[in-house]
Amino acid sequence: MNEIPYYLQDLNPEQRDAVFHEGKPLLILAGAGSGKTRVVTTKIAYLIREKGVNPRSILAVTFTNKAAREMAERAAAIESAAAGAMLRTFHSFGAWFLRRNGEYAGLSSNFVIYDDDDMVTILGSIIEGKKKNELKLIAKQIARAKDYFFTPESAELSFINHSGEFRKIYAQYEEALRKTGNVDFGDLIKKPVEILRENPGAAERLHSRFRVVMVDEYQDANVAQFELLKAICSPETYLCVVGDDDQSIYRFRGAEVKNILEFPQRFGGADVIRLEKNYRSTAHILDIADSVVRHNAGRLGKKLSAERGTGTKPMLAFLSDQDSEARECAALIDNSVRTKKTSAYSDWAVLYRTNAQSLGFENEFLRRKIPYRIVGSLKFYEREEIKDALALLSFVVNTKDEVSFRRVINKPARGVGAAALERILSERAAADWDIEAACERSGALSATGISVKARAGVNTFIESINRARKILLAVESVKRDNSHCILKAAQGLSCCAAGLIEDSGIAKYHRARDEINGETRVANLQELVNNAALYEATPEGLADFLERIALDRAIEQQEDGEPRVTLITVHNTKGLEFHRVIMTGLEQGLFPRDDKEGDDLEEERRLFYVGATRAMDELYLTSCAYRRMFGQATPMRSSIFLEEADGSKLRIVGTPPYGFNPAALRHSAPKQAAPKETEGQSAAIKRKTSSDGRWQIGDRVFNEDYGYGEITAINEGNEGPVITVCYENGRRQRFLSRAQSSRFMKIKD
Ligand code: ATP
Ligand code: MG
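Summary of the structure given here.

Analysis parameters
- Residues numbered from 1 in each chain as written.
- Chains lettered and ligands numbered in written order.
- Predicted model: local features only at pLDDT ≥ 70, side-chain atom pairs only at ≥ 80, totals over all residues.
- Heavy atoms only, no water.
- Helix = DSSP H or I, 4+ residues; strand = E, 2+ residues; numbered from the N terminus.
- Buried < 20%, exposed > 50% of the residue type's maximum accessible area, 1.4 Å probe, protein only.
- Contact = heavy atoms within 4.5 Å.
- Areas by Shrake-Rupley, 256 points an atom, 1.4 Å probe, with all protein chains shown as cover.
- Pairing = 2+ DSSP bridges.
- Axes fitted to C-alpha atoms, helices over the stretch in contact; angles between N-to-C directions.
- Near = heavy atom within 4 Å.
- Polar contact = N/O pair within 3.5 Å; in protein donor to acceptor, adjacent residues only side chain to side chain.
- Nonpolar A, V, L, I, M, F, W, Y, C, P; charged D, E, K, R; others polar.
- Domains from an automatic or database assignment.
- Salt bridge = Lys/Arg side-chain N within 4 Å of Asp/Glu carboxyl O.
- Core = buried A, V, L, I, M, F, W, Y, C linked by side-chain atoms within 4.5 Å.
- Right-handed = clockwise from strand over helix to strand, strands pointing away.
- Parallel < 35°, antiparallel > 145°, perpendicular 65-115°, else oblique.
- Arc of directions from axis to C-beta.

1. Some thoughts on the overall build of the protein chain
Then, number 1: For the protein chain, the count of helices and strands is 28 helices and 26 strands.
Then, number 2: Per-residue burial over the protein chain gives 56% buried out of 749 residues.
Then, number 3: Nonlocal contacts in the protein chain, meaning residues at least 24 apart in sequence, comprise 73% of its contacts between residues at least 6 apart.
Then, number 4: As displayed, the protein chain has an accessible area near 32,800 Å², and 49% of this comes from carbon and sulfur atoms.

2. Some remarks on the sheet that holds strand 25 (residues 732-736)
Then, number 1: The five strands are arranged 25-24-23-22-26 in an open sheet whose pairing can be described as antiparallel. Two strands in the sheet have a free side with no partner beyond their single neighbour: strand 25 and strand 26 (744-746). Going across the sheet, the axis of each strand differs from the next one's by a mean of 35°, ignoring polarity.
Then, number 2: For strand 23 (residues 707-717) and strand 24 (residues 720-727), the ladder comprises eight bridges, and the chain directions are antiparallel. Bridge pairing links Gly709 to Tyr727 in strand 24.

3. Some thoughts on the site of ligand 1
Then, number 1: Around ligand 1 sit 20 residues, and of these Lys36, Thr37, Arg280, Glu577 and Arg614 come closest.
Then, number 2: A distance of 2.6 Å is found between an oxygen atom of ligand 1 and a side-chain nitrogen or oxygen belonging to Lys36.
Then, number 3: Gln247 places a side-chain nitrogen or oxygen 2.8 Å from an oxygen atom of ligand 1.
Then, number 4: Contact with the protein chains hides 88% of the accessible area of ligand 1, taken as 640 Å² for the molecule alone.
Then, number 5: With three residues, helix 3 (residues 36-51) is the largest single contributor of residues to the shell around ligand 1.
Then, number 6: Residue classes in the shell around ligand 1 are distributed as three nonpolar, nine polar and eight charged.
Then, number 7: Of the domains in this structure, domain 1 (6-97 + 191-275) and domain 3 (305-371 + 557-665) are the two that each give at least three residues to the shell around ligand 1.

4. Concerning the pattern of salt bridges
Then, number 1: Overall, the coordinates contain 52 salt bridges when judged by the stated rule.
Then, number 2: The partner of Arg467 in a salt bridge is Asp503, and the shortest N-O contact between them spans 2.8 Å. With a gap of 36 residues between them, Arg467 in helix 21 (residues 452-473) and Asp503 in helix 22 (residues 493-503) connect regions that are remote in the sequence.
Then, number 3: Relative accessible area serves as the criterion here: at 31%, Arg467 is assigned to the partly exposed category.

5. A closer look at the sheet that holds strand 14 (residues 565-569)
The strands making up a sheet associate through hydrogen bonds between their backbones, and the pairing can be parallel or antiparallel.
Then, number 1: Here seven strands make up an open sheet; going across it, the order is 13-14-12-15-18-11-21 and the pairing parallel. The strands lining the two open edges of the sheet, one partner per strand, are strand 13 (372-375) and strand 21 (651-653). Looking at each pair of strands side by side, their axes are set apart by 20° on average, direction ignored.

6. Let's talk about the nonpolar core
Then, number 1: By size, the foremost hydrophobic cluster in this structure holds 70 residues, and its most contacted members are Leu123, Phe405, Phe461, Leu542 and Phe545.
Then, number 2: Counting residues per element, this core draws most heavily on helix 17 (residues 384-397), which supplies nine residues.
Then, number 3: Counting only domains with at least three residues in this core, you end up with domain 2 (112-180) and domain 4 (389-551).
Then, number 4: If we skip the residues at most four places from it in the chain, Leu542 touches Leu393, Val396, Val397, Leu472, Leu493 and Glu536.
Then, number 5: Within the second largest apolar cluster, 45 residues are counted, among which are Leu98, Ile113, Val193 and Val257.

7. Observations regarding the pairing of strand 2 (residues 58-62)
Then, number 1: Across the five residues of strand 2, five count as buried, placing the element largely inside the fold.
Then, number 2: What you see with strand 2 is no split at all: Ile58, Ala60 and Thr62 on one side and Leu59 and Val61 on the other are buried throughout.
Then, number 3: Looking at chain direction, strand 2 and strand 6 (residues 212-215) are connected through four bridges and run parallel. Directly across from Val61, in strand 6, lies its bridge partner Val215.
Then, number 4: Examined bridge by bridge, strand 2 and strand 3 (residues 86-89) share four bridges and lie parallel to one another. Considered in strand 3, the bridge of Val61 is made with Arg88.
Then, number 5: A crossover links strand 2 with its parallel partner strand 3, the connecting element being helix 4 (residues 65-78), and its sense is right-handed.

8. As for the packing of helix 9 (residues 187-198) against helix 10 (residues 200-209)
Between two packed helices, what matters for the description is the angle formed by their axes and the separation of those axes.
Then, number 1: Closest axis-to-axis distance for the helix 9/helix 10 pair is 5 Å, and the angle between their directions is 105°. By the angle class used here, helix 9 and helix 10 are roughly perpendicular. Residues Ile195, Leu196 and Glu198 of helix 9 touch helix 10, and the partners they reach there are Pro200, Ala202, Ala203 and Leu206.
Then, number 2: Here the contact of helix 9 with helix 10 is built from residues that sort into six nonpolar, no polar and one charged.

9. Observations regarding the environment of Asn259
Then, number 1: Residue position: Asn259 is located in helix 12 (residues 257-261).
Then, number 2: Here the alpha-carbon distance between Asn259 and Ala221, two residues 38 residues apart in the chain, equals 7.4 Å.

10. Concerning the environment of Gln15
Then, number 1: Relative to the elements of secondary structure, Gln15 occurs in helix 2 (residues 13-20).
Then, number 2: Residue classification places Gln15 among the buried positions, given a relative accessible area of 3%.
Then, number 3: Not counting residues up to four positions away in its chain, the partners in contact with Gln15 are Ser34, Gly35, Val39, Leu275 and Tyr279.

11. Description of the pairing of strand 1 (residues 26-30)
Then, number 1: Taking burial as the measure, the five residues of strand 1 include five buried ones, the bulk of the element.
Then, number 2: Of the two faces of strand 1, the one lined by Leu26, Ile28 and Ala30 and the one lined by Leu27 and Leu29 are each fully buried.
Then, number 3: Bridge count for strand 1 against strand 8 (residues 271-275) is five bridges, and the pairing is parallel. Within strand 8, the position partnered with Leu29 by the bridge is Arg274.

12. Quick word on helix 2
Then, number 1: Listing the buried residues of helix 2 in full gives Gln15, Ala18 and Val19. For helix 2, the buried positions fall inside an angular range of 100° around the axis, keeping them on one side.
Then, number 2: Among the structural elements, helix 1 (6-9), strand 1, helix 3 and strand 8 are those in contact with the buried residues of helix 2.
Then, number 3: Looking at where helix 2 begins, the residue whose side-chain oxygen comes 3.1 Å from the main-chain nitrogen of Glu14 is Asn12.

In short, the description is geometric, and any link to function would need to be established separately.
This is the structure:
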């Protein structure tokens with residue numbers, strides 16, 4: 001018998017079968033930690049090494065860019081030629097495809113990717129009289145429609161929104177977006193499918209390039225991604241997907257568990273391989289995860305045996321409030337790292353259900369000098385100054401980009417008011433939708449309504465854009481006197497980015513705000529410039545940079561090699577593993593979030609399962625009796641999941657709440673009682689209203705920087721009502737009703 005290559009020797013027989021499998025499509029359906037991802041990476045290496053498959057003809061798709069990078073590293077560790085395979089997310093694959101084939105859909109190769117905010121700007125430019133939060137809802141519904149692969153003509157569009165008006169708005173939005181030459185997120189999936197369906201030549205080219213297609217985390221593919229997968233594969237393509245129905249946690253974004261359950265029927269009688277050994281977690285940890293997810297009705301049910309022995313029992317700690325939670329977590333980590341040789345900061349992960357919870361841990365970790373990194377909650381790219389800089393850069397490569405133009409043409413003020421702006425944009429049709437050409441035309445038609453000042457302002461703006469473009473085209477090197485610059489440029493694209501941010505006046509504009517509000521906007525711009533240094537100073541380099549930011553915006557913090565604790569939302573832990581995991585905030589209303597029932601509660605349970613199964617050696621669960629919500633200490637009930645968990649496998653510390661009985665396993669998911677009314681809420685019944693009728697005490701609000709909050713006071717001042725808001729993260733804010741910021745909105749109940 002032939003020698004088994006070393007990298008296959010560790011695999012169990014089912015894993016090996018999956019690596020050797022060829023021919024029909026293959027579904028690997030298995031629980032957490034059973035080696036699914038390991039099979040995918042090994043299979044890539046195996047195909048190249050043993051089967052002589054050209055690395056370029058292999059495409060592996062996964063869910064986050066971080067996971068894609070990790071897979072690439074794992075495969076390359078076995079076979080260095082695996083670096084030639086393409087490992088991407090669905091979205092980044094879509095962007096790659098559109099850069100090469102976008103002309104079929106009228107896109108330039110330098111298109112930029114619009115985010116949710118940009119979608120709202122486009123909607124604002126086509127519909128009048130709607131408030132920002134209404135536009136946000138429409139943007140969300142359009143994104144959802146695209147997740148389901150619905151066009152404005154689709155009959156099924158009524159599942160998303162049954163009004164005829166929505167259909168009309170969606171169509172107008174598509175038209176307006178097309179004119180900008182750019183795409184939104186949904187288009188990264190939808191447009192490639194349309195191109196591949198309508199252009200046999202493009203489809204043939206793609207099919208002859210990729211002979212092997214593999215998908216990790218397949219349970220979270222949505223309908224549009226499923227369509228894309230079908231379009232990527234020809235009958236000759238070898239397709240292998242891996243997933244776990246118990247880990248499907250993106251239903252709210254249109255992921256369909258049935259995609260995985262029906263895979264064998266949809267892909268011509270595919271083979272199914274199950275992996276039943278868990279190599280990640282010790283048995284008690286698996287038991288806790290399993291005892292909770294078992295309460296879900298809609299699941300296949302899988303056997304999973306722990307290969308790593310029993311291990312220690314997970315700890316469930318009942319704590320008084322979130323401050324003691326942060327303190328206890330920090331103390332636990334610190335103690336462990338100091339006393340156990342085997343424990344390092346990087347072994348630890350603190351998981352939470354919502355981004356806003358990270359703040360308490362950050363403060364405590366800073367105080368105790370515990371190094372940490374945050375994954376997934378950096379709102380860096382959503383900050384005003386960063387979006388301004390990105391809009392400028394985006395306009396350099398795409399002068400049809402109306403959204404970016406609107407954002408920065410009069411920022412800082414250049415005398416270009418709303419009327420002048422509309423006048424310029426009205427010239428676009430005659431200028432092939434090119435805004436720079438429209439600016440020239442409107443300048444030439446000076447008699448019709450653009451003031452001399454506005455014209456001068458537009459010229460200044462266009463000149464700064466042109467100077468940046470020249471750097472990219474290397475027509476002329478722009479000399480600048482660095483001593484006056486706020487930003488320091490290093491190399492690569494950072495020179496162009498720093499130059500433009502200075503030149504356009506955006507850096508100065510934000511420095512003034514830093515001085516007034518004590519913020520760090522210029523430092524953030526500097527961080528952006530630093531990141532740009534990694535890209536080439538060419539139009540393609542800039543388009544690459546913008547694409548990377550659009551696709552990667554959730555996860556980015558420079559790795560410096562120092563061992564750090566990971567602070568992360570449960571959603572973002574997909575596919576990852578840590579030696580020691582603390583899952584925090586296990587309270588009703590927080591985890592499970594809100595008052596979820598039925599399918600939504602089942603999704604929260606799967607999320608618990610995902611979180612718990614990240615732990616290799618130690619798992620800790622925390623639950624607080626009180627939590628600051630809307631600035632007030634609110635009594636909390638412990639999470640239903642803690643009662644569902646097998647109590648015989650837990651070490652319980654602290655005082656369990658009255659009536660808590662974890663051993664009493666329930667047989668069906670009980671309907672949740674209505675949440676107790678807190679003092680704050682009952683006070684809100686006697687709601688005071690502001691004199692302008694816009695605000696009431698108790699109104700729920702959302703601020704893009706601080707998260708959710710509640711109005712706690714209304715005072716009438718000389719300049720009208722003054723509103724006080726308390727945020728969930730403990731911050732307080734006062735503002736004049738008439739000066740409400742655009743980053744702030746009232747939430748309809
Ligand atoms: P998830 O569902 O969480 O994504 P997964 O099924 O993809 O999990 P992997 O991440 O591939 O699981 O594997 C979990 C851990 O088990 C990894 O550390 C991996 O290296 C290890 N592992 C997988 N298979 C084996 C094996 N046959 N022998 C030893 N260790 C293994
Ligand atoms: Mg995996």
